[in-house]
Amino acid sequence: MMQFDFSTTTLNSHAEGAVVQRILNAALSAVSPYEAVQSRLILTMDQFVIDDVEIDLNEIGRIFVVGAGKATFPMAHAVFDILGERIDQGLIIVKDGHFDKELDLTPIEVCEASHPLPDERGVIATQRMMAMLEDVAENDLVLFLISGGGSALLTVPVEGISLDDMREMTEVMLASGATINEVNTLRKRLDLVKGGGIAKAVNHGRLMTLILSDVVGDPLDAIASGPTVADSSSFEDVREILEKYELTPMLPNSVLDQFLKGLAGDVEDTPFEDDQIFEKNTVHLVGNLKIAANAAKEQALAEGFHANIASTSYQGEAKIAGDRFVTVMREMSDRGIPLARPACLIFGGETTVTLRGDGKGGRNQEMALSAVKGMSGLKNCMLVTLATDGGDGPTDAAGAVVVPETLSRGEILGMDVSEYLANNDAYHYFEALGDLLRPGPTQTNVNDLAFLFCFENKNSL
């Protein structure tokens, strides 16, 4: 089992702190990218099998291993351990620091780039990948590995769009409260590789995509902006998103011009399902949030909790989600609904944050901060929020821990929760209390988890 250090001031002093850490580790272990790929790919003699797809390697020319995302390195490591010398060439793009420098996957080259905003390193690495794929022949096999973060790491802007334009648009979208699906719908129209672009590049060769999902509901064309699959969105969806968030005045002129050309039919839209480029493609989902949530539930049951999964698709504003968690926890604490003590209720999904301040934090930290006041009146309860990739927003924290005493501890330090919320500054609030979760990069990424605990009275702080 993967083991990460989730120590915080509260978890270290709580009677159930070690138990909580075991439950968090169980969730992450279940979606280990290496194990997810290793358990699905089978090589017997010259037969390469995944799910119901069998490939006779005697009929395959060269094998290419490419991909992008926060979890792509361990996925590539698993493929390397299975296929070894059969791999002819490869290139993967990972977020800075999200790979093991001690492991040599040659001939698979590892390139680092920036996330969540793209940088020039990502563009150069993607261009090199595209040049590699142009050489793919009809009897070659391309294994494409995708995980969360791929949209920022895998990028080549279309003509007339600069990398600065892409960054500016991404920043505006992230600050607007738009969902990741909506962000990616716009990204696809500005990039050569997104929305089926990799499938276009491979064209004649055989393409097999392995996906570790970080998008609620697992829509394949939204994960990393769907570089190898048909697109379900169109320029008309772009129009609706621009109007919904009133984005037109805030976007670069070049970006708006591209969207207007697309709406006028002057720019070709992304390929749809009936396009011939997808005829030789297969797509395989190897891990997602449901797997992580189920593993956490099973561990909680083994630890003696009444445990259940409330949802794996929560979305919306992080502050509102935090308030709702408090309401649910109050029902559990006072009435034993939906679970009696000791209880562990699990939520999974991905919220958004509409930025109004200039503080530091991420959606999981903001969810936790919004729950601090409401939890102050409860007894023997705990909220833990967790970004499964180990990094919540642009921070080194994955989330935070809240207990009924959190509010009073903050007040002793002179901190006003309302002020920190108004400034989107959850990071500094929980940092002062020592209650940020800092497991480091987990090398997996399947959205976010929130754990609502109501302990037996004897197990309180």
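Below is a summary of the structure that appears in this document. (Residues numbered from 1 in each chain as written. Predicted model: local features only at pLDDT ≥ 70, side-chain atom pairs only at ≥ 80, totals over all residues. Heavy atoms only, no water.)

**Digging into the side chain of asparagine 447**
1) Next: Along the chain, the position of asparagine 447 falls in the loop between strand 14 (436-437) and strand 15 (448-454).
2) Next: Of the polar contacts made by the side chain of asparagine 447, one reaches the backbone oxygen of aspartate 214; its length is 2.3 Å. (Helix = DSSP H or I, 4+ residues; strand = E, 2+ residues; numbered from the N terminus. Polar contact = N/O pair within 3.5 Å; in protein donor to acceptor, adjacent residues only side chain to side chain.)

**A few points about the sheet that holds strand 3 (residues 53-56)**
1) Next: The strand order 1-2-3 describes an open sheet built from three strands, whose pairing is antiparallel. Single-partner strands in this sheet number two, and they are strand 1 (41-44) and strand 3. On average, adjacent strands in this sheet sit at an angle of 20 degrees to one another, irrespective of strand direction.
2) Next: Two strands pair when backbone bridges link them, and strand 1 and strand 2 (residues 47-50) are joined in this way by four bridges, in the antiparallel orientation. The residue of strand 2 that forms the bridge with isoleucine 42 is valine 49. (Pairing = 2+ DSSP bridges. Axes fitted to C-alpha atoms, helices over the stretch in contact; angles between N-to-C directions.)

**Some thoughts on the sheet that holds strand 8 (residues 206-212)**
1) Next: Sheet architecture is open: six strands sit in the order 6-5-4-7-8-9, paired in parallel fashion. Of all strands in the sheet, those bounded by a partner on one side alone are strand 6 (108-113) and strand 9 (281-287). With direction set aside, neighbouring strand axes in the sheet form an average angle of 20 degrees.
2) Next: Here strand 4 (residues 63-68) runs beside strand 7 (residues 141-146); their pairing, made up of six bridges, is parallel. Of the residues in strand 7, the one forming a bridge with valine 65 is leucine 143.
3) Next: Across the face of the sheet, helix 4 (residues 72-83) comes into contact with strand 4, strand 5 (89-95), strand 6, strand 7, strand 8 and strand 9 while running at roughly 145 degrees to strand 7.
4) Next: Contacts from helix 5 (residues 120-133) reach strand 4, strand 5, strand 6 and strand 7, with the element oriented near 160 degrees to strand 5. (Contact = heavy atoms within 4.5 Å.)

By themselves, these figures tell us nothing about what the structure is for.
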